[in-house]
Amino acid sequence: MGLKHSYTLIAPFYDLVVAKATHAIRKTSLQQIQQLSRHGDKILITGIGTGLDIPHLPADRFYTGIDLTPGMLNKAARRKGAVNITLQLGDAMNLPYEGASFDLIVMHLILAVVPDPQLALREAQRVVKTRGHILILDKFLKPGQLALLRRLANPITRHIATQTTVVFEHLLEECKSLAKVEDEPVLAGGWFRRIVLQKTKD
Ligand SMILES: C[S@@+](CC[C@H](N)C(=O)[O-])C[C@H]1O[C@@H](n2cnc3c(N)ncnc32)[C@H](O)[C@@H]1O
């Protein structure tokens, strides 16, 4: 079963399982938009899902939300409210945008989901402007961390919802234009981290 198929099945129940558990960390991550971007800036949200981020977005920016799964996007459309957001079907590993199109990118619970997280981060690096930021919220192992159960689960979970063994530091090694600005453990004993990156050069 592909991720698009499984997220179509997950869509009706997603908010029940995820909304409450992630509300506070999501809010903290998205508060950075006020500090790191300006009125009128263009902001991309990759893997926007059911749009749980939307209620936390400052209304005076222009947002694009992209996701692989129509069933998730349909739910996001109901959350638009006063936020100026365009929702599109598309692949985080092959973004349909020119280089340097966005001032800031939000990547909440998407890097550990896609089959090739390095490619997804490289795509974000490509489409964010120099000096722009990327806000990440996700579950990552530390380099060398054993995490036996997560390694045993990964061959199954990666096909139905998410990978459990992505090492963020390995992703970043591939993205020479991105520098880490913040990295904070936020949930589940530090498995979930809130990370801010900045594109420091072209
Ligand atoms: C765990 S959900 C996260 C949703 C949302 N970002 C959040 O924080 O609640 C993962 C989302 O990624 C989407 N997805 C999976 N593979 C994708 C891909 N290659 N490109 C874009 N979206 C993808 C799924 O459809 C799903 O909506």
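For the structure itself, consult the block above.
Analysis parameters
- Residues numbered from 1 in each chain as written.
- Predicted model: local features only at pLDDT ≥ 70, side-chain atom pairs only at ≥ 80, totals over all residues.
- Heavy atoms only, no water.
- Salt bridge = Lys/Arg side-chain N within 4 Å of Asp/Glu carboxyl O.
- Helix = DSSP H or I, 4+ residues; strand = E, 2+ residues; numbered from the N terminus.
- Buried < 20%, exposed > 50% of the residue type's maximum accessible area, 1.4 Å probe, protein only.
- Near = heavy atom within 4 Å.
- Polar contact = N/O pair within 3.5 Å; in protein donor to acceptor, adjacent residues only side chain to side chain.
- Nonpolar A, V, L, I, M, F, W, Y, C, P; charged D, E, K, R; others polar.
- Pairing = 2+ DSSP bridges.
- Axes fitted to C-alpha atoms, helices over the stretch in contact; angles between N-to-C directions.
- Contact = heavy atoms within 4.5 Å.

Q: Would you mind going over the pattern of salt bridges with me for this structure?
A: Two side chains of opposite charge can pair, provided their charged atoms sit close to one another. For the coordinates displayed, the defined rule picks out 13 salt bridges. Salt-bridge contacts for Arg26 lead to Asp53; the nearest nitrogen and oxygen are separated by 2.7 Å. On the criterion of sequence distance, the pair formed by Arg26 in helix H1 (residues 3–36) and Asp53 in the loop between strand S1 (42–46) and strand S2 (62–67) is long-range, its members being 27 residues apart. Per residue, the accessibility class of Arg26 equals that of Asp53, and both read buried.

Q: Help me out: how do you make sense of the site of the ligand in this one?
A: Among the 19 residues in the neighbourhood of the ligand, the closest are listed as Tyr14, Gly47, Asp67, Thr69 and His108. Here an oxygen atom of the ligand and a side-chain polar atom of Tyr14 are 2.7 Å apart. Contact distances for the ligand include 2.8 Å between an oxygen atom and a side-chain N or O atom of Arg26. Here the shell around the ligand takes three residues from H1, the largest share from any one element. In terms of residue class, the shell around the ligand is made up of eleven nonpolar, five polar and three charged.

Q: Sorry if this is basic, but what is going on with the sheet that holds strand S4 (residues 102–108) here?
A: By way of backbone hydrogen bonds, the strands of a sheet pair with one another, either parallel or antiparallel. An order of S3-S2-S1-S4-S5-S7-S6 is seen for the seven strands of this open sheet, with the pairing classed as mixed. Single-partner strands in this sheet number two, and they are strand S3 (85–89) and strand S6 (178–187). Shown here is a sheet whose adjacent strand axes are inclined to one another by a mean of 15°, direction ignored. Both S6 and strand S7 (residues 192–199) contribute to a ladder of eight bridges, which runs antiparallel. Bridge assignment links Glu182 to a residue of S7, and that residue is Val196. Sheet strands touched by helix H2 (residues 70–77): S2 and S3. Its angle to S3, the strand with the most contacts, is close to 170°. Lying on the sheet, helix H3 (residues 117–127) is in contact with S1, S4, strand S5 (128–139), S6 and S7; it crosses S5 at an angle near 150°.

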